[in-house]
Every structure is written in structure tokens, then in C-alpha cells.
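The primary structure of each chain is shown beneath.
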Amino acid sequence: DTQMTQSPSSLSASVGDRVTITCRASEIISNSLAWYQQKPGKVPKLLLLGASTLESGVPSRFSGSGSGTDYTLTISSLQPEDFGTYYCHQFYTNPWTFGQGTTVEIK
Amino acid sequence: QVTLKESGPALVKPTEALTLTCTFSGFSVNTFAMRMSWIRQPPGRALEWLGRIDWDDATVYTTSLKTRLTISKDTSKNQVLLTLTNMDPVDTATYYCARSRPGSSALDIWGHGTMVIVSS
């Protein structure tokens, strides 16, 4: 199975900060990657697909990049509502797999 | 409007089988390239992808549950079913169903989830 490793596992940042979360796959996944945001007690929400395509309605401060095995989610200017846990998900190889999550806290 | 809703027992005993139903509306699961997944999340822990069924009835399961998990669909009822046998307390989790729309395998629509506790 393709292992997805996210870093850091948690971070604390201030409003307005630039935040970057990394996801590393154990094998090449050819941009077949999605990012989700999950707030406590809520359902995960799709943010980006195809590594860098913003889902409809998602603020443009979210962006994604990467290739091969390494991918990043960037929040250009952290907002108070951006707290929560972020997950990457690869759908290039079967079975699909998630990263272990990165929890973002607002200072 | 596309909606998904999970239903099933909130409590199951160890060794029993769990059957959950995902009832959806606003799309057809038989549409080319449509995929439906099940995901679970133990309390305070990460998401775990369990498996999926595709528009053509193909199924894929996560390796660790391959011998216990079955996913099927009932097109006439707009439902996708999950059956997990030999339940154990470690299977306690919120179970979600989610859709992948044609053209992308990302999980774009999720149900609200249903919490299942495994306890005697």
C-alpha cells in the first residue's frame, strides 16, 4: 500500500501567517492527490484535487503544489476559520490511502 | 442537490457483523466513472479509507480489512452498503460514505457520518 506521511503533525500559527503542510508518498502518485479540511466534530471538506486544483467555493488563499512523491498545501494568509485538521489522500494506487493528518491551531 | 446519508446500528457486539447503508440522492451510481467510498475515523484519530465500489461494480478494499469487508450497491434504492464481519472494539469509529465524481477520484461529497460503538 502507498503510505502517506504528513508533516508537521501539528502547528500553531498566527492570523496572517503563511502556512505550509507537506505530504510525502512512499511511491510516485503522479499528482493524484487531494487535500481535505476537517473541523472538530464536522465532516471532512474537499479543498484541492489533482494536487493543485481548487475545489469550487474554496478560498484562493489555499493552494497546492508538488509532483512525484512530494506535495504541499499552502495557506497564504491564515484566517481564524482555518483551524482544524488537514488530510492528504492519494488515489493513484489501490488501495487509496490518507495521511495521518496535520492539526492547525490559531495562536 | 447531491446528498449522502449513512444509517445503521449505533452499537454492535464483538464478533457480530456490521451493516451500514449509505442512501444518496442527486446522482446515479451507475454513471460512468462514478465511485463510492467508505471511510472511517476512530475517536480522536485519523481518517482511514476502507474501500469503494465503482459504477461498473468493481470493488477495492484496504488491505487490512480485505477478508472482513464487503461493499455492494443497490441501484434501485440509490444505496451503497458496507458489511464488516467479526467486529472488534478497535472498529469503534465514525463511518462515512463519500462520492468521487466522474473525472476525479477525490471525495467531493461526504455523508454526515454514523458513529458505531463495538462493545459487549
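Residues numbered from 1 in each chain as written. Chains lettered and ligands numbered in written order. Predicted model: local features only at pLDDT ≥ 70, side-chain atom pairs only at ≥ 80, totals over all residues. Heavy atoms only, no water.

## Some words on the pairing of strand β11 (residues 114-118) of chain B
Residue and element names in this part refer to chain B. Every second residue of β11 is oriented toward a common face, the buried set being Thr114, Val116 and Val118 and the non-buried set Met115 and Ile117. As judged from the 2 bridges shared by strand β2 (residues 11-12) and β11, these two strands associate in the parallel manner. Looking at the pairing, Leu11 lines up with Ile117 of β11. Pairing geometry for strand β9 (residues 93-100) and β11, over 3 bridges, is antiparallel. Within β11, the residue paired with Ala93 across the bridge is Val116. (Buried < 20%, exposed > 50% of the residue type's maximum accessible area, 1.4 Å probe, protein only. Helix = DSSP H or I, 4+ residues; strand = E, 2+ residues; numbered from the N terminus. Pairing = 2+ DSSP bridges.)

## Considering the packing of aromatic side chains
A complete count under the given rule lists 8 aromatic pairs over all chains for this structure. Ring geometry for Phe91(A) against Trp96(A): centres 6.3 Å apart, planes inclined by 65 degrees, an arrangement best described as edge-to-face. Comparing Phe91(A) with Trp96(A), the two get one shared label, buried. Look at Phe24(B) and Phe27(B): their rings are 4.7 Å apart centre to centre, the planes differ by 20 degrees, and that puts the pair in the stacked class. Here Phe24(B) and Phe27(B) have matching classes, each one buried. Put simply, the rings of Tyr36(A), Phe98(A), Tyr96(B) and Trp110(B) touch in pairs and so form one group of aromatic residues. (Phe/Tyr/Trp six-rings, centres within 6.5 Å; stacked < 30°, edge-to-face > 60°.)

## Some remarks on the interface of chain A and chain B
Facing the 19 residues of chain A at the interface are 25 residues of chain B. For the chain A and chain B pair, buried surface summed over both sides reaches about 1700 Å², with 64% attributable to carbon and sulfur atoms. If you sort the residues of chain A by the area they bury against chain B, Val43(A), Trp96(A) and Phe98(A) come out on top, with a joint share of 37%. In this assembly, chain A and chain B are joined by 1 salt bridge. Between Arg101(B) and Glu55(A) there is a salt bridge whose closest N-O contact spans 2.8 Å. Here chain A and chain B share 7 residue pairs in polar contact (both at pLDDT 80 or more) between them. Among the secondary structure elements, those contributing two or more residues to the side of chain A that touches chain B are β4 (33-38), β5 (45-49) and β9 (84-90) of chain A. Here the element with the most residues in the side of chain A that touches chain B is β4(A); it accounts for 3 residues. (Contact = heavy atoms within 4.5 Å. Buried area = accessible area lost by both parts, 1.4 Å probe. Salt bridge = Lys/Arg side-chain N within 4 Å of Asp/Glu carboxyl O. Polar contact = N/O pair within 3.5 Å; in protein donor to acceptor, adjacent residues only side chain to side chain.)

## As for the sheet that holds strand β7 (residues 69-74) of chain B
Residue and element names in this part refer to chain B. Read from one edge of the open sheet, 4 strands run β1-β3-β8-β7, paired in antiparallel fashion. Each having just a single partner strand, β1 (3-7) and β7 make up the two edges of the open sheet. Looking at each pair of strands side by side, their axes are set apart by 20 degrees on average, direction ignored. Across 6 bridges, the pairing between β7 and strand β8 (residues 79-84) is antiparallel. Paired with Lys73 across the strands is Val80, a residue of β8. (Axes fitted to C-alpha atoms, helices over the stretch in contact; angles between N-to-C directions.)

## Quick word on the sheet that holds strand β3 (residues 19-25) of chain A
Residues and elements named next belong to chain A. The sheet built from 4 strands is open, its strands ordered β1-β3-β8-β7 with antiparallel pairing. Taken across any chain shown, the strands that pair with only one partner, and hence form the sheet edges, are β1 (4-7) and β7 (62-67). Strand-to-strand twist of the sheet, defined as the mean angle between neighbouring strand axes without regard to direction, takes the value 20 degrees.

## Comments concerning the pairing of β8(B)
All names here are of chain B. Taken together, the 6 bridges between strand β3 (residues 18-25) and β8 define a ladder with antiparallel strand orientation. Bridge pairing in β8 links Cys22 to Val80. Where β7 folds back onto β8 in an antiparallel hairpin, the turn is made up of 4 residues, including Asn78, whose phi is positive at roughly 55 degrees.

## So, the pattern of salt bridges
Considering all chains together, one arrives at 12 salt bridges over all chains under this definition. Note that Arg52(B) is salt-bridged to Asp54(B), the shortest N-O span being 2.9 Å. On the basis of relative accessibility, which here comes to 3%, the residue Arg52(B) falls in the buried class. Among the charged side chains, a network of salt bridges with common partners joins Glu55(A), Arg99(B), Arg101(B) and Asp108(B).

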